Amino acid sequence: MTTATAQAHPNIALIKYWGKSDESMSLPATGSLSLTLDIFPTTTTVEVDEALTADAFELNGTVRDDDAARRVSTFLDLVRAQAGTGAHARVRSTNTVPTGAGLASSASGFAALAVAASAAYGLDLDEPGLSRLARRGSGSASRSIIPNVALWTEGDDASSYAREVPAPTIAMVVVTLDAGAKHVSSRVAMRRTIETSPFFPAWVTSTRVSLDEMVAACAAGDFTRIGELTEANALRMHATMQAAEPAIRYLSPASIALFDRVVALRAEGIEAYATADAGPNVAVICPPADAERVAAALRETTAAIPGLSAEVLVAGPGPGAHLVDPAGGAA
Ligand code: PMV
């Protein structure tokens, strides 16, 4: 019996991944760039046990026998194929990010699983190898292998992985508006966008251009340009999926109110820029020195909306996925 435990953090894309060029290999239609956060870690233990007749998956103390468990098992099949064994495993995961709420729980989840499972099954993978493996679980998980700012390039199975790129220190204020599971999974929504949104080709073309510009802005430490590109790319992604049939609309009135507040903050001279993933939650980037002021402003905005319960947290750049000892320390 071999056991390994790993921890990974969610990432939020500044240039988004929205659409696959190959679903079975989880290859993206375009590259993307994200910030790995230092909040909401997922910790996962994989115990390979020859005596098991099937994989067992437990999330936050609850045994799962559903789609989530099947995704874990399908992922372990990839690891087993590489390791040349048929042995099953017990997987125990603790997720502190609200699951399925558009806060990248699949990113931290599959990044932690990739690191723990590859160690438990005795695979010796380097960082690109781990990122490629995590990608097969969930595209965005390829980026949670990497600390700080990660660039995930488009390409084939061998070349599509994430790596760290130079960037200034970016703070992110994360506003959780709805910790419930999202209505349409990103997998289904991406497929529908590709099949029915007339804007999808323009999304691909413009995202490729923005990504090149974003990498350059990060290298130059140009926070203003990083922010402008971030907000424009997020709104373009949502516009593209809103043009699908039936439309996919993740942003709620509260999300829009937060985007408006961020525009107002800029008018007050604060470099804040908003983004949102496949859910109503909003994440705002700003220089670290302004993060508490931005958080206070966003709390004020959400508090003014009747019936809304929101959580506002300040995050900084986080570590890449790594092995830990089960007691919690670094391995
Ligand atoms: O890898 P998935 O299925 O969690 O897709 C992530 C999609 C977005 O979060 C909306 C964008 C991104 O690049 O993370």
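Preceding this section is the structure that the text describes.
What counts as what
Residues numbered from 1 in each chain as written. Predicted model: local features only at pLDDT ≥ 70, side-chain atom pairs only at ≥ 80, totals over all residues. Heavy atoms only, no water. Salt bridge = Lys/Arg side-chain N within 4 Å of Asp/Glu carboxyl O. Helix = DSSP H or I, 4+ residues; strand = E, 2+ residues; numbered from the N terminus. Pairing = 2+ DSSP bridges. Axes fitted to C-alpha atoms, helices over the stretch in contact; angles between N-to-C directions.

1. Focus: the pattern of salt bridges
Step number 1: One pass over the full model with this rule turns up 16 salt bridges.
Step number 2: One salt bridge connects Glu47 with Arg92, and the closest N-O pair in it is separated by 3.8 Å. One end of the pair, Glu47, is in strand S6 (residues 42–49); the other, Arg92, is in strand S9 (residues 88–95), with 45 residues separating them in the sequence.
Step number 3: Residue Glu228 pairs with Arg225 through a salt bridge whose shortest N-O separation is 2.8 Å. You can see Glu228 and its partner Arg225 sitting in helix H7 (residues 223–242), 3 residues apart, about one turn around the helix.

2. Things to note about the sheet that holds strand S7 (residues 56–59)
By way of backbone hydrogen bonds, the strands of a sheet pair with one another, either parallel or antiparallel.
Step number 1: Here 6 strands make up an open sheet; going across it, the order is S8-S7-S9-S6-S1-S16 and the pairing mixed. Sheet topology places strand S8 (62–64) and strand S16 (322–324) at the edges, where each strand pairs with a single neighbour. The mean angle between the axes of side-by-side strands here comes to 30 degrees, regardless of whether they run parallel or antiparallel.
Step number 2: Here 3 bridges tie strand S1 (residues 2–8) to S16, and the two strands are oriented antiparallel to one another. Paired with Thr5 across the strands is Val324, a residue of S16.

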